[in-house]
Amino acid sequence: MTQVYINQLNNYKDKEVCLKGWLYNKRSSGKMQFLLVRDGTGLVQCVLFKGDASEELFNLCGTIPQESSVIVNGTVREDKRSPGGVELTILDINVVQKAEEYPISLKSHGPDFLLGNRHLWIRSKKQHATLRIRDEVVKAIRDYFYEKDFVLIDAPVFTPAACEGTTTLFEVDYFDDKAYLTQSGQLYMEAACMAFGKVYCFGPSFRAEKSKTRKHLTEFWMVEPEIAYADLSDVMDMTEDFVSYIVQRVIKNRPDELEALERDISLLKKIVPPFPRLSYTEAVDLMQKGGHEFEWGGDLGAPDESFIVEQFEKPVLIHRFPAKVKAFYMKNDPEDNNLALCVDMLAPEGVGEIIGGGQREDELDILSEKINRHNLPEEAFKWYLDLRRYGSVPHAGFGLGIERVVGWLCGSSHVRETIPFPRMLYRIYP
Ligand code: 4AD
Ligand code: MG
């Protein structure tokens with residue numbers, strides 16, 4: 001019999017097929033057995049009518065435990081009320097493994113319990129939908145850069161120095177030396193864009209975040225494009241185009257998953273360029289006039305970001321922060337040396353920062369002075385300074401955190417649900 005995946009059943013109406021999957025849930029009404037089977041591509045209701053089956057088969061269907069692995073042979077029937085528009089009339093069923101009592105029932109559990117059972121929790125409907133959307137986001141990102149002729153350049157995970165501040169470094173023994181897990185591939189992308197023009201890296205980033213928030217993981221995935229002969233304004237245009245592309249792709253290709261998550265798509269449909277743009281100084285003004293206390297000079301915290309995004313329906317670009325609160329590699333604004341040529345994108349619905357980026361310092365002397373002022377080890381940055389000795393040009397880029405974007409699209413309350421196996425403060429199991 002033809003083996004078919006559930007998301008293809010529609011093409012097999014009135015045909016006999018074989019399904020390989022797991023029992024998600026079941027119920028019975030004396031004369032009927034209803035088995036809800038999942039196979040990774042979807043869910044389908046498999047039905048057995050007592051009068052049509054041997055007593056043995058009918059009784060077997062009633063006793064298969066949740067999450068047992070099953071192979072079902074059956075006939076595909078059109079059923080407009082079922083998800084996917086079809087159901088399966090069972091002809092035969094083979095239990096590959098009879099599962100032990102499954103720890104996750106369909107009632108609700110606490111987050112600690114679910115995270116401790118993450119290896120099983122990813123089978124549940126909403127978690128499954130979220131990770132499918134993550135897959136779509138990743139595909140959209142790769143397609144976007146491929147279509148725009150960017151070259152994928154993988155950045156190393158072991159690095160000799162900090163990119164995003166020394167307080168969140170993970171240190172590891174590296175033979176007789178120390179190394180750090182990468183916080184960002186940016187510095188390597190700066191090297192790569194001088195070789196390839198337009199590049200990006202996409203990989204895991206590590207930060208020893210010691211605070212428990214709903215936005216921070218210790219291991220997260222970041223995509224980081226970098227462009228030679230580009231400035232802050234080029235990067236702002238690109239972030240807007242890029243984020244709109246991702247959002248619209250997910251709406252188009254993952255409607256079932258968004259529905260499983262009960263996501264209000266009308267809000268996401270509005271995510272098209274242009275996005276509102278505010279300088280940091282204008283954002284401070286907005287907060288102060290709106291009665292939200294904030295003093296010029298500080299970095300934006302989560303409550304400040306929330307206040308700002310609540311004023312808009314689309315993501316907001318905040319540019320030109322005080323140089324003091326930003327990383328060493330940022331170029332200062334020639335119009336006002338206290339400001340950095342940087343941009344953060346804040347997503348709506350309380351999500352906050354999803355992108356950080358900007359224009360890089362391209363002058364040797366200034367960069368070298370900044371490295372010293374930030375107390376960074378000059379030796380480890382020799383290669384980076386070389387880039388300003390040999391054909392330095394204005395260049396710019398940004399980093400987008402995948403988990404925060406997936407969380408926004410899925411309406412998740414915490415980024416831990418947007419990565420298959422989250423790593424957080426005090427959580428490294430399973
Ligand atoms: O703003 P960040 O720190 O910028 C950089 O790392 C730059 N070097 C990127 C670049 O210009 N190439 O981080 C960029 C994004 C944030 O906006 C956020 O979406 C995500 O990475 N991010 C995190 N996501 C989850 N958990 C964490 N601990 C994160 N830290 C940053
Ligand atoms: Mg940032």
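Sequence positions are assigned chain by chain, starting from 1 and proceeding in written order. Lettering of chains starts at A and numbering of ligands starts at 1, both following the order in which they are written. Residue-level local features of this predicted model are given only where pLDDT is at least 70; pairs of side-chain atoms are given and counted only at 80 or more, and the full residue set underlies all totals for whole chains, interfaces and linings. The side-chain figures draw on all heavy atoms in the structure; neither hydrogens nor water molecules are used.

Asker: Would you mind going over the overall build of the chain with me for this structure?
Answerer: A count of helical and extended segments in the chain gives 13 helices and 19 strands. Projected onto the principal axes, the alpha-carbon positions of the chain cover approximately 85 × 55 × 40 Å. The buried label goes to any residue with under 20% of its type's maximum accessible area, the exposed label to any with over 50%, and the partly exposed label to all in between, with areas taken from a 1.4 Å probe on protein chains only. Counting all 430 residues of the chain, 50% fall into the buried class. Within the chain, counting contacts between residues at least 6 apart in sequence, those at least 24 apart form 65% of the total. Each accessible area is a Shrake-Rupley estimate made with a 1.4 Å probe; only the visible protein chains count as cover when residues are assessed. Within the structure as shown, the chain displays about 21,000 Å² of accessible surface, and the carbon and sulfur contribution to it stands at 50%. Helix and strand labels come from DSSP, where a helix needs a run of H or I of at least four residues and a strand needs a run of E of at least two; each type is numbered from the N terminus. Two residues form a contact once any of their heavy atoms are found within 4.5 Å.

Asker: For this particular structure, what's the right way to read helix H13 (residues 402-410)?
Answerer: Since there are 3.6 residues in each turn of an α-helix, residues three or four apart along the chain are aligned in direction. For H13, the tally of buried residues reaches 8 of 9 residues, placing the bulk of the element in the interior. For H13, the full list of buried residues reads Ile402, Glu403, Val405, Val406, Gly407, Trp408, Leu409 and Cys410. Among the residues trailing H13, Gly411 stands out with phi positive, at a value near 70°.

Asker: Which parts of the structure should I look at to understand the sheet that holds strand S17 (residues 342-347)?
Answerer: The strands that make up a sheet are held in pairs by hydrogen bonds between backbone atoms, and each pair lies either parallel or antiparallel. With respect to topology, 8 strands assemble into an open sheet ordered S7-S11-S12-S19-S18-S17-S14-S13, the strand pairing being mixed. If you trace the sheet from one side to the other, it starts and ends with strand S7 (151-152) and strand S13 (277-279), each paired once. At least two DSSP bridges between two strands are required for those strands to pair. Both S13 and strand S14 (residues 316-319) contribute to a ladder of 3 bridges, which runs parallel. Following the sheet pairing, Leu278 is matched in S14 by Ile318. Where helices are involved, their axes are fitted lines through C-alpha atoms of the stretch in contact, as for all axes, and angles between N-to-C directions lie from 0 to 180°. In this fold helix H6 (residues 232-253) packs onto strand S12 (219-228), S13, S14, S17, strand S18 (352-359) and strand S19 (395-401), with an angle of close to 30° to the strand it touches most, S19. Seen against the sheet, helix H9 (residues 280-289) touches S13 and S14 and runs at an angle of roughly 95° to S13.

Asker: Where do I start with the sheet that holds strand S8 (residues 158-159) in this structure?
Answerer: One open sheet accounts for 3 strands, arranged S8-S10-S9; its pairing is antiparallel. Taken across any chain shown, the strands that pair with only one partner, and hence form the sheet edges, are S8 and strand S9 (171-174). The pairing of S8 with strand S10 (residues 177-181) spans 2 bridges and is classified as antiparallel. What sits directly across from Thr159, in S10, is Tyr180.

Asker: Can you walk me through the pattern of salt bridges in this structure?
Answerer: Between side chains of opposite charge, a pair can form when the charged atoms approach closely. Basic side-chain nitrogens of Lys or Arg form a salt bridge, by our definition, when they fall within 4 Å of a carboxyl oxygen of Asp or Glu. Applying the stated criterion across every chain, the model contains 32 salt bridges. In this structure, Glu78 engages Lys80 in a salt bridge whose closest nitrogen and oxygen atoms are separated by 2.8 Å. Across the salt bridge formed by Asp241 and Lys148, the nearest N and O atoms sit 3.8 Å from each other. With Asp241 in helix H6 and Lys148 in the loop between helix H4 (125-147) and S7, the pair connects residues that are 93 residues apart, well separated along the chain. Each of the salt bridges in this network shares a partner with another, and the network as a whole consists of Glu136, Asp143, Arg249, Arg254 and Glu257.

Asker: What's the story with unusual backbone geometry in this structure? I'm lost.
Answerer: The phi torsion of most residues other than glycine is negative, and most of the peptide bonds are trans. Looking along the chain, the bond that leaves Pro273 and enters Pro274 is cis, with omega of 0°. Within the fold, Pro274 resides in the loop between helix H8 (265-269) and S13. Of note, the amide linkage connecting Tyr429 to Pro430 takes the cis form, showing an omega dihedral of 0°. Locating Pro430 in the fold gives a position in the segment after H13. Non-glycine residue Glu262 carries a positive phi angle of around 55°. Assignment of secondary structure puts Glu262 in the loop between helix H7 (255-260) and H8. Phi is positive for Glu349, close to 55°, though the residue is something other than glycine. In this fold, Glu349 is placed in the loop between S17 and S18. Exposure remark for Glu349: the relative accessible area of 43% places this residue in the partly exposed category.

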